[in-house]
Amino acid sequence: MSSLLLISSRHIIRTTTTRNLNLKTLPRRFMSIPQTVQAIAIDEIGDFDVIQKKTLPFKPDPSEVVVKTEWFGVNFIDTYYRKGLYPLKEFPAQLGKEASGVVAALPTDPKVLNDPKFQRLGLKVGSSVAIDKLGSFAEYVSVPWVSTYPLPAAVDTRTAAAAYISGMTALTFSEESYAIKKGDNIFVHAAAGSFGLLLTQIAKHKGATVIGTTSTEEKAKLATENGVDHIIIYTKEDVVKRVLELTNGEGVDAIYDGVGKDTFEANFDFIKRKGTLVSVGNASGAVPPFAPLKLAAKNIKILRPVLMGYLVTPDETYHNGKALWDLVSKGVVKVNIFKEYAFTAEDVIQAQKDLTSGKTVGKLLIKAH
């Protein structure tokens, strides 16, 4: 008589014989989960050279989904954490906020498993998913189920990693930060970036006219191909003057500014009376403090939203995720991938350098395996 021991980090299942064992009848709650993982991490905040690939302990939370990663999305927020603009709780700290892959283990917490909103996701071992979790640049990631979204058959994991954070940001910001509607004039800084390209397509789908900026002719061509109606190459043209010409002196209904410090002041010169300024990011540095009275001249609104502030509840994540993948599946939103990198410290460093150089268009991806 032989003995078989099946082990994961959460389960030990022992059977006294293999003769009558039917593996298909065992609970499909997990794959083999390692106790350590290879991850991109830092031991201190600093410049590009603090980035390392390290072997770190892996202890999944029983209430979370374990995902075996396949692709990582590179985002400006990765550089904010690395430089200390956004705080990290402890070191070593894993980097990365966006990944896709397959479910390797389901939660074991009965409260989660019996939650109808978890069950609604239909997650199974092997399901393809996209995730938003700090520290996601690792072979395996333990993720709150609220931040895990299953992919439809029409969306592969490569596309998902390129679309998830930028796409969810564009979608939620176009509905909740400012509700873009037919007839609006919308201004998008850095229109050829990952967020800018997706926001442009969503704004056009909603019936808006999009004015956008880029730094080069090459980027201008891509932005135009993705729906920008009026492109301004800011290295050659006066942005304020051109926007006012295009809007008969009125300005735009909403501005989406992911550049930050370098572009912030000029926004007030071409925003419409009662317009909305959505400060999306800090690519050139954080916007300095300013007096609220600055908003009074045109009675404008200003927001500095973050994606996770719109994806707090299971319903919010489910609704927006379903809407995003529906747009991608139907071809309404097309993803532009600029370059792929290897899962090494050297390539992650290069990816961050490329992203912050201002010379890339679309999305940068890292292949996990």
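Everything that follows concerns the structure shown earlier in this document.
Computed from a predicted structure; not experimentally measured.

Visitor: How should I be thinking about the overall build of the protein in this particular structure?
Guide: Assigned secondary structure in the protein consists of 10 helices and 18 strands. Relative to the compact-globule value of 21 Å for 369 residues, the protein shows a C-alpha radius of gyration of 23 Å, a close match. Projected onto the principal axes, the alpha-carbon positions of the protein cover approximately 85 × 40 × 40 Å. Across the protein, contacts joining residues at least 24 apart in sequence account for 70% of those joining residues at least 6 apart. By element, 53% of the accessible surface of the protein is carried by carbon and sulfur atoms, the whole surface being about 17200 Å².

Visitor: Just to check I follow, could you spell out the packing of aromatic side chains for this structure?
Guide: The geometry of an aromatic ring pair comes down to the distance between the two centres and the angle between the two planes. Here the structure, examined in full by the defined rule, presents 14 aromatic pairs. Centroid distance Phe72 to Phe343: 5.2 Å. Interplanar angle 55 degrees. Geometry classified as tilted. Taken together, the positions of Phe72 in strand 5 (residues 64–73) and Phe343 in the loop between strand 17 (337–342) and helix 10 (345–357) put the pair 271 residues apart, joining distant regions of the chain. In terms of burial, Phe72 and Phe343 fall into one category: buried. Consider the rings of Phe173 and Tyr310, whose centres lie 5.8 Å apart with planes at 80 degrees: the pair is edge-to-face. Residue Phe173 is found in helix 4 (residues 157–177), and its partner Tyr310 is found in the loop between strand 16 (301–303) and helix 9 (314–329); the two are separated by 137 residues along the sequence. Assigned by exposure class, Phe173 and Tyr310 land together as buried. Ring pairing ties together the aromatic residues Phe72, Phe137 and Phe343, which thus form one cluster. Sitting over the face of the ring of Phe343, Lys53 holds its NZ or CZ atom 4.1 Å from the ring centroid.

Visitor: In this structure, what is going on with unusual backbone geometry? I would like to understand it.
Guide: Going from Phe91 to Pro92, the amide bond is cis rather than trans, its omega being -5 degrees. Mapped onto the secondary structure, Pro92 falls in the loop between helix 1 (76–83) and strand 6 (93–94). A positive phi angle, close to 55 degrees, is found at Ala190, a residue other than glycine. Within the element layout of this structure, Ala190 appears in the loop between strand 11 (185–188) and helix 5 (194–205). Overall, Ala190 belongs to the partly exposed group, its relative accessible area being 40%. Unusually for a residue other than glycine, Lys274 sits at a positive phi of about 65 degrees.

Visitor: Help me understand the environment of Ser100 in this model?
Guide: Note on placement: Ser100 falls in strand 7 (residues 98–105). Owing to a relative accessible area of 1%, Ser100 belongs among the buried residues under this scheme. Counting along the chain gives 67 residues from Ser100 to Ile33, while the straight-line C-alpha distance between them is 17 Å.

Visitor: What is the right way to look at the sheet that holds strand 14 (residues 252–257) in this model?
Guide: The strands making up a sheet are joined through hydrogen bonds of the backbone, oriented either antiparallel or parallel. Strand order in the open sheet made by the 6 strands is 13-12-11-14-15-16, with parallel pairing throughout. Two strands in the sheet have a free side with no partner beyond their single neighbour: strand 13 (230–233) and strand 16. Pairs of neighbouring strands in the sheet enclose a mean axial angle of 15 degrees, with direction left out of account. Pairing of strand 15 (residues 271–279) with strand 16 involves 3 bridges; the strand directions are parallel. Pairing of Leu277 across the sheet is with Ile302, part of strand 16. Set on the sheet, helix 4 makes contact with strand 14, strand 15 and strand 16; between it and strand 15 the angle comes to about 145 degrees.

Visitor: Explain the nonpolar core to me, please; I cannot follow it from the model alone.
Guide: Judged by nonpolar contacts, the single largest core of 48 residues is most densely connected at Phe118, Leu123 and Ile366. Mapped onto this core, the elements with two or more residues apiece are strand 3 (36–42), strand 5, strand 7, helix 2 (110–113), strand 8 (128–132), strand 9 (140–144), helix 10 and strand 18 (363–367). Ranked by residue count, the leading element in this core is strand 3, at 5 residues. Sequence-distant contacts of Phe118, that is, excluding residues within four places in its chain, are made with Val65, Leu106, Pro107, Val112, Leu113, Leu123 and Trp145. Val155, Met168, Leu171 and Leu199 belong to the second-largest nonpolar core, a separate cluster that totals 38 residues.

Visitor: Would you explain the pattern of salt bridges in this entry?
Guide: Two side chains carrying opposite charge are able to pair once their charged atoms lie near each other. As enumerated under the stated definition, the model contains 19 salt bridges in all. Through salt bridges that share partners, Lys117, Arg120 and Asp315 make up one connected network.

Visitor: Quick question: what am I supposed to make of the sheet that holds strand 6 here?
Guide: Read from one edge of the open sheet, 3 strands run 4-3-6, paired in antiparallel fashion. Because the sheet does not close on itself, it has two edges, and the strands there are strand 4 (52–57) and strand 6. For strand 3 and strand 4, the ladder comprises 6 bridges, and the chain directions are antiparallel. For Gln38, the partnering residue across the bridge sits in strand 4 and is Thr55.

The rules behind each value
Chains are numbered independently. Their residues run from 1 in the order of the written sequence. Only residues with pLDDT of at least 70 are given local features in this predicted model, and only at 80 or more are side-chain atom pairs given and counted; all residues enter the totals for whole chains, interfaces and linings. Side-chain numbers here rest on the full set of heavy atoms in the structure, without hydrogens or water. Numbering of helices and strands runs from the N terminus; a helix is a DSSP stretch of H or I covering at least four residues, while a strand is a stretch of E covering at least two. Our radius of gyration looks at C-alpha atoms and nothing else; its globule reference is 2.2 Å times the residue count to the power 0.38. Note on contacts: a residue pair qualifies if any of its non-hydrogen atoms lie within 4.5 Å across the two residues. Throughout, the Shrake-Rupley method with a 1.4 Å probe supplies accessible areas, and for residues the shown protein chains are the sole cover considered. Paired rings are identified among Phe, Tyr and Trp, the last through its six-membered ring, by centres lying within 6.5 Å, and are further divided according to the angle between planes into stacked (under 30 degrees), edge-to-face (over 60) and tilted (the rest). Partly exposed describes any residue whose relative accessible area lies between the buried limit of under 20% and the exposed limit of over 50%, with all areas from a 1.4 Å probe on protein chains only and scaled to the type maximum. The criterion for a charge sitting over a ring is simple: Lys NZ or Arg CZ within 6 Å of the ring centre, and within 35 degrees of the ring normal. Two strands pair under a simple rule: DSSP has to find at least two bridges between them. To obtain an axis, a line is fitted to C-alpha atoms, over the contacting stretch when the element is a helix, and the angle between two such axes runs from 0 to 180 degrees between their N-to-C directions. The nonpolar core is taken to be a set of buried Ala, Val, Leu, Ile, Met, Phe, Trp, Tyr and Cys residues, with the residues joined through side-chain atoms within 4.5 Å. For salt bridges, the criterion is a side-chain nitrogen of Lys or Arg within 4 Å of an Asp or Glu carboxyl oxygen.

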